[in-house]
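Overview (structure and organization)
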Amino acid sequence: MRLLITHGTIVHADRIEKDMNIYIENGKVVMMGQNIEPEADQVIDAKGLYILPGLVDAHCHLRDPGFEYKEDIASGTRSAAKGGFTSVACMPNTNPVVDNVSVVNYIIEKAQKEAVVNVYPIGAITKGQEGHELAEMGSMKHAGIIAVSDDGKPVMSGAVMKKALIYAHQFGLPVISHCEDLDLADGGCMNEGVTSTIMGLRGIPSIAEDVMVSRELLLAKYTGIPIHLAHVSTKTSVELIRQAKERGVKVTAETCPHYFTLTEKACLGYNTLAKMNPPLRTDDDVKAIKEGLRDGTLDIIATDHAPHHNDEKNVEFEKALNGIVGFETALALTYTTLVDKGILSLSQMVEKLSTKPAQILGLDKGTVACGKDADLILVDFDNEYTIDVSGFASKSKNSPYDGYKVKGRVMATLVSGKAVYTHTAFKGL
Amino acid sequence: MKLRSKDILGLDHLETDEINLILETAADMKKIVTSRMKKVNYLQGKTVITLFYENSTRTRVSFELAAKYMGAQAVNVSVSTSSVAKGETLIDTGKTLDVMGSDIIIIRHSMSGAPHLLAKNVEASVINAGDGMHEHPTQGLLDMFTMRETFGDLRGLKVAIIGDIYHSRVARSNIIGLTKMGAEVRINAPSTLMPPGIETLGARICPSIEETVEDCDVVMGLRVQLERQKKALFPSAYEYSRFFGMNPDNIKGAKKHALWMHPGPVNRGIEMTSSIIDGDASVINDQVTNGVAVRMALLYLLTGREE
């Protein structure tokens, strides 16, 4: 299969090339140039569109196995493709937990059959994600995991986390930390502050995150082993990470679109669609997250795609489960909030949504270059539309962004040169 | 005029004219409560259900009597005997009660916002009889009614609220309601029981009981929720009473005519000494009577919205 994409603007993490043709053969990019016109079986006209390396999500929940009523590998990867993600790393808090080889094998085999994008499982740090004994990281690495994390739960014991860092490093596995001190979080269900007081809800103070971020930074410094911090949401955490980076600590950090687009006020009226962990914070935190993204303190943007059934959200606020679906809104929210407002350049956005997450996870993805897999997306950034959750490809619709006006629509998603998603209005294919 | 919303979920969404209407109606209702023949037919043919997910004696009985004095069918649903114990969701329970013909569902729930969820899912009017740490609007209204009985007008009144503000839905409803009606509210609590940002609701935080009650017209004690002491928010009941309890010495600065209030049940000797609770200035029992009158007024006004 030979494919030629013509007249698109390629956005790399470090430059933009206009009016480019890309020639793809057997799923790989073979030639790129302004006037190349090799013979092809199919030509895609990308005039007026941007070509980005397929987005890479370092943090999502595909819910498979165990919670297939929320999402499964087939629906989750269709949702990813629709949002422009061609590679996704899924967290291990499934049922059973991904803490042994057989669950890793299950995910990889199911993904081979049903996934439309690349699926990379993340294994648990500890058995059952209980924070006590290390999971079989080495064996899971051989079975195909690309990182370890107890996401959803923190590793409360500093001693266990120290062992995990040292042990995972020996197998070349990045460690992703969910930073939350459960004692300080104290069973809270939203950010602690004026809004939690008004709503009469127990708050999770921002220091519940900051204390754990500090511990991880110190562990990374002490061991000399890199650590990746998941879903950073507070101003102080951004400051701590910035200082640590200045001192040479090997740390990378991610945030999610909800932490730079929404505040705790979204919870008012007991809106469970705005309930997540870490919780939505304040205006000051949002400002700091944006600045952290701008100056590079925050390396990447992940979705934390966390689908839930309506029955798990249409309940009392305290009972509602944490999280929102994220694949299908991440790119547009990032473009609209950060690029369109001049906080990030297009290239920086590509770096944070594709190139850098691939690097952190050790994947040979996230670039548009000769010899690499043709994981590409075609995007119309002038396309303005209203988010409609009923059209989501995800099984779940728990998004607080229904009705939001955004810019930036994925018109086509290619994985190894094969179109796995095309928007109905896209005529170029 | 009529109430604007089908539900009473909190004082935060009641306008001042609505609060005045409720308090004025309650004054008429009090005449019925205190008369020898406690029966009118304003609610004849109406069904009022109390759905209590938390234990309560005074609030539930108060609502039940309010409904019965006005001729309504009143049914109590208590959690342990209902299908709630079998795991039924709040929405399903509410819808079931709704389609049986309830006109008003009165809900108490340990989770803030539960009445709001119920109200969105039923046709019946919903009254919040206390939700988590959020609001207890009928308590706020009966407290304001009690103050108005003595002082006539709430504007300019100085009200002190002292105790466990953090866990108190009574405090939130009183702060919101009193501030709306033009009173000045001061609060005092052990710092571990003061919720962050509470002053944005309009209350002023005072550092000591003496300063809080200084020149006040009303002093309200709040129940220390000893059952929450697992979390060790203060060292002991003894230390609480020593530094945060009201006694004849630390309340001298209040006005001579000051009223002493408490939403009950009282931990005698911890929040207030018995000499205050049982003293001449205590209106704690009037609050209970007024509770029935205020709840009658709400039931009357809510069922009258459509006529």
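Residues numbered from 1 in each chain as written. Chains lettered and ligands numbered in written order. Predicted model: local features only at pLDDT ≥ 70, side-chain atom pairs only at ≥ 80, totals over all residues.

Focus: unusual backbone geometry
Residue and element names in this part refer to chain A. With an omega dihedral of 0°, the bond running from Asn95 to Pro96 counts as a cis peptide bond. Of note, Pro96 is situated in the loop between strand S7 (85-90) and helix H2 (101-114). For the bond from Asn277 to Pro278, the omega torsion is -5°, close enough to zero to count as cis. Within the secondary structure layout, Pro278 lies in the loop between helix H9 (257-261) and helix H10 (283-295). If you check the backbone angles, Tyr270 has positive phi at about 55° while not being a glycine. Here Tyr270 is to be found in the loop between H9 and H10. (Helix = DSSP H or I, 4+ residues; strand = E, 2+ residues; numbered from the N terminus.)

Structural notes on the domain arrangement of chain A
Residues and elements named next belong to chain A. What the domain assignment reports for chain A is domain 1 (2-51 + 373-422) and domain 2 (53-361). The C-alpha centroid of domain 2 is placed 26 Å from the C-alpha centroid of domain 1. Here the element with the most residues in the side of domain 1 that touches domain 2 is strand S17 (residues 405-415); it accounts for 6 residues. Split by residue class, the side of domain 1 that touches domain 2 holds 17 nonpolar, 7 polar and 6 charged. (Domains from an automatic or database assignment. Nonpolar A, V, L, I, M, F, W, Y, C, P; charged D, E, K, R; others polar.)

A closer look at the interface of chain A and chain B
Contacts between the two partners involve 15 residues from chain A and, on the opposite side, 21 residues from chain B. For the side of chain A that touches chain B, the per-class residue count stands at 7 nonpolar, 4 polar and 4 charged. (Contact = placed C-beta atoms within 7 Å.)

What to know about the environment of B:Arg186
Residues and elements named next belong to chain B. Structurally, Arg186 is set in strand S6 (residues 184-188). The class of Arg186 is buried, set by 21 C-beta atoms lying within 10 Å. For the pair formed by Arg186 and Glu211, sequence separation is 25 residues and the distance between their alpha carbons is 9.2 Å. (Buried ≥ 20, exposed ≤ 12 C-beta atoms within 10 Å, placed from the backbone.)

Description of the sheet that holds strand S8 (residues 218-221) of chain B
All names here are of chain B. Strand order in the open sheet formed by 5 strands is S7-S6-S5-S8-S9, with parallel pairing between adjacent strands. Each of the sheet's edge strands pairs with one partner strand only, and the pair in question is strand S7 (204-205) and strand S9 (259-261). Judged from the 4 bridges that link them, strand S5 (residues 158-162) and S8 form a sheet pairing that is parallel. Pairing of Ile161 across the sheet is with Met220, part of S8. (Pairing = 2+ DSSP bridges.)

Quick look at the domain arrangement of chain B
A common way to express how large an interface is: the accessible area buried when the components associate. Residues and elements named next belong to chain B. Looking at chain B, the domain boundaries give domain 1 (11-134 + 288-303) and domain 2 (137-283). With 21 residues of domain 1 in contact, the opposing surface of domain 2 contributes 18 residues. Among the secondary structure elements, those contributing two or more residues to the side of domain 1 that touches domain 2 are helix H1 (16-33), strand S4 (125-131) and helix H10 (284-303). Its residues assigned to classes, the side of domain 1 that touches domain 2 shows 10 nonpolar, 7 polar and 4 charged.

Some details on the sheet that holds strand S13 (residues 227-229) of chain A
Residues and elements named next belong to chain A. With parallel pairing, the 8 strands of this open sheet are ordered in space as S6-S7-S8-S9-S10-S13-S14-S15. Each of the sheet's edge strands pairs with one partner strand only, and the pair in question is strand S6 (55-60) and strand S15 (300-301). Note that S13 and strand S14 (residues 251-255) share 3 bridges and pair parallel. Looking across to S14, one finds that Ile227 is bridged to Val251. Packed onto the sheet, helix H1 (residues 73-83) meets S6, S7 and strand S8 (118-123) and runs at close to 135° relative to S7. (Axes fitted to C-alpha atoms, helices over the stretch in contact; angles between N-to-C directions.)

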